[in-house]
Amino acid sequence: MWNWDYAFSILPQILSALKITISATFVGFILALFLGLIFSVLVRSDIKIVSLAVRGIIQFIRNTPLLVQLYFIFYVFPKIGISLKPFTAGVLGVGIHYSTYLSEVFRSGIEAVPAGQWEVAKALNFSHIQAWIKIILPQVIPPIIPVIGNYLITMFKETPLLSAITLVEILQTAKILGAGSFRYLEGFTIVGIIFFLLSYPSSQLIKKLEVRLGAKN
Amino acid sequence: MTTYEIFISLIKAGLKVTIQVTFFAAILALVLGFISGLARMSRYRTIRFISGVYIEVFRGTSLLVQLFWIYFALPMMGIRLSALTAGVLAIGLNYGAYCSEVVRSAIQNVPVGQTEACIALNMTKTQRMVKVIIPQAFVMMLPNLGNQLIELLKSTSLVSMITLTDLTYQANILNATTFETTKVYTMLLVIYFIIGLPLSKGVKLLEAKVSEGRV
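First, a word on scope: everything that follows refers to the structure included in this document. (Residues numbered from 1 in each chain as written. Chains lettered and ligands numbered in written order. Predicted model: local features only at pLDDT ≥ 70, side-chain atom pairs only at ≥ 80, totals over all residues.)

## So, the overall build of chain A
Here comes step 1: A tally of helices and strands in chain A yields eight helices and zero strands.
Here comes step 2: Counting from the amino terminus, helix and strand elements in chain A follow one another as α-α-α-α-α-α-α-α.
Here comes step 3: C-alpha extents for chain A along the principal axes are approximately 70 × 50 × 25 Å.
Here comes step 4: For chain A, the residues scored as buried account for 38% of the 217 residues in total. (Helix = DSSP H or I, 4+ residues; strand = E, 2+ residues; numbered from the N terminus. Buried ≥ 20, exposed ≤ 12 C-beta atoms within 10 Å, placed from the backbone.)

Written out as structure tokens, the structure reads:
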């Protein structure tokens, strides 16, 4: 059933594809952070139309499957003249999808900052941008770090979906190897173990961080 | 094909399977979530350990990997499942692990005074759980379970990758035969949004209801 020789022979190839998985995770994550922050600021905009439109966009993205969004970016964008490589399309899809989740995290973080802080900024004659950068964000970010960390792990576990748009990451590598040798057990098991070995310790680390941050407050 | 025709033919071809997978996987997830959530708080170390392994393994690996493993790798061990069974099983097992955390945290958030009151009233452990703790915890977990259901519905699109003919699968077919790529995938997104909308509205309502009259 399980063939150790075969498992060891495919291990290097799967591990070398891990680079793609990890870089897709991090690039997508940075994009999600950036877009999420923009979304959360736009939702608070004083202009009604902007805030309503952004709210609508967030809700639409959150309530539709990431896989379909990936197909949309990869197959529909070329129709309007934007041809993307699988990696770019995948990172864009994952980044946009999770930015809507992160914007919620930022929103709750921003709302947790007492109104007095805004008043202080005003009293000290800070400009709106100065108030955001120097007073509000430094208070928003530390408490939400564990939540953001958990989303990073979630995004890492979502990257196998990018195989659907032909990106050769670890799952796709295992699938190709399996199709060649008619042995799927070893490849998919190795991929599962890799995901577990990377995500479980990270989530334990975040739990510890959460406890420490909780103790601080 | 017009946009409307595409919309209708997608629904006709794929909605049934998507709803089927969502329904059965949700039931499996709820049952597994309750069992493993309660087992995680058991007196016996072995039971706690087994449920912990289940929860961490399914939360720590990716759903698509689990799906492929069950559909492509299990047959090598002599267990051949239909695509529908494999899809329901993978999604149910995966979301069951997430639900168990919802169940556990809700039960642990029931105030200690309730447990003490039960002890004072000389209730057995089972009575305490069934009559006092779980009914209160269940109300509190509803919004979170609702959120899990929305995520689960979206994740059913993955079953298209193990040849199950759900909405996403049918969209891929329709795209390949009509080349109406823009319309097909736009309508597919719209359909998922329409199915999910009542669920997310329901969760919002539940959240408001549950927090009503509580501090």
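## Re the interface of chain A and chain B
Here comes step 1: Contacts between the two partners involve 29 residues from chain A, matched on the other side by 30 residues from chain B.
Here comes step 2: The set of elements that each furnish at least two residues to the side of chain A that touches chain B consists of helix H3 (66-76), helix H7 (170-181) and helix H8 (185-216) of chain A.
Here comes step 3: Of the residues assigned to the side of chain A that touches chain B, the class counts are 20 nonpolar, six polar and three charged. (Contact = placed C-beta atoms within 7 Å. Nonpolar A, V, L, I, M, F, W, Y, C, P; charged D, E, K, R; others polar.)

## Describing the nonpolar core
Here comes step 1: One finds Leu70(A), Phe188(A), Val191(A), Leu67(B), Phe68(B) and Leu188(B) to be the most contacted residues of the largest nonpolar core, which totals 105 residues.
Here comes step 2: No other element matches helix H4 (residues 83-108) of chain B, which puts 13 residues into this core. (Core = buried A, V, L, I, M, F, W, Y, C linked by C-beta atoms within 7 Å.)

## A short note on helix H1 (residues 3-39) of chain B
Here comes step 1: For H1(B), with 37 residues, the first-to-last C-alpha span of 50 Å sits near the 54 Å given by 1.5 Å per residue.
Here comes step 2: The largest bend along H1(B) reaches roughly 50° and is located at Gly14(B). (Expected span 1.5 Å × (residues − 1). Bend = angle between axes of the 7 residues up to and from the residue.)

## A word on unusual backbone geometry
Here comes step 1: Non-glycine residue Phe182(A) carries a positive phi angle of around 60°.
Here comes step 2: By secondary structure assignment, the location of Phe182(A) is in the loop between H7 and H8.
Here comes step 3: The exposure class of Phe182(A) is exposed, given the 7 C-beta atoms found within 10 Å.
Here comes step 4: Here the phi dihedral of Asn122(B) falls at roughly 65°; this positive angle occurs in a residue that is not glycine.
Here comes step 5: On the secondary structure map, Asn122(B) appears in the loop between helix H5 (112-120) and helix H6 (125-155).

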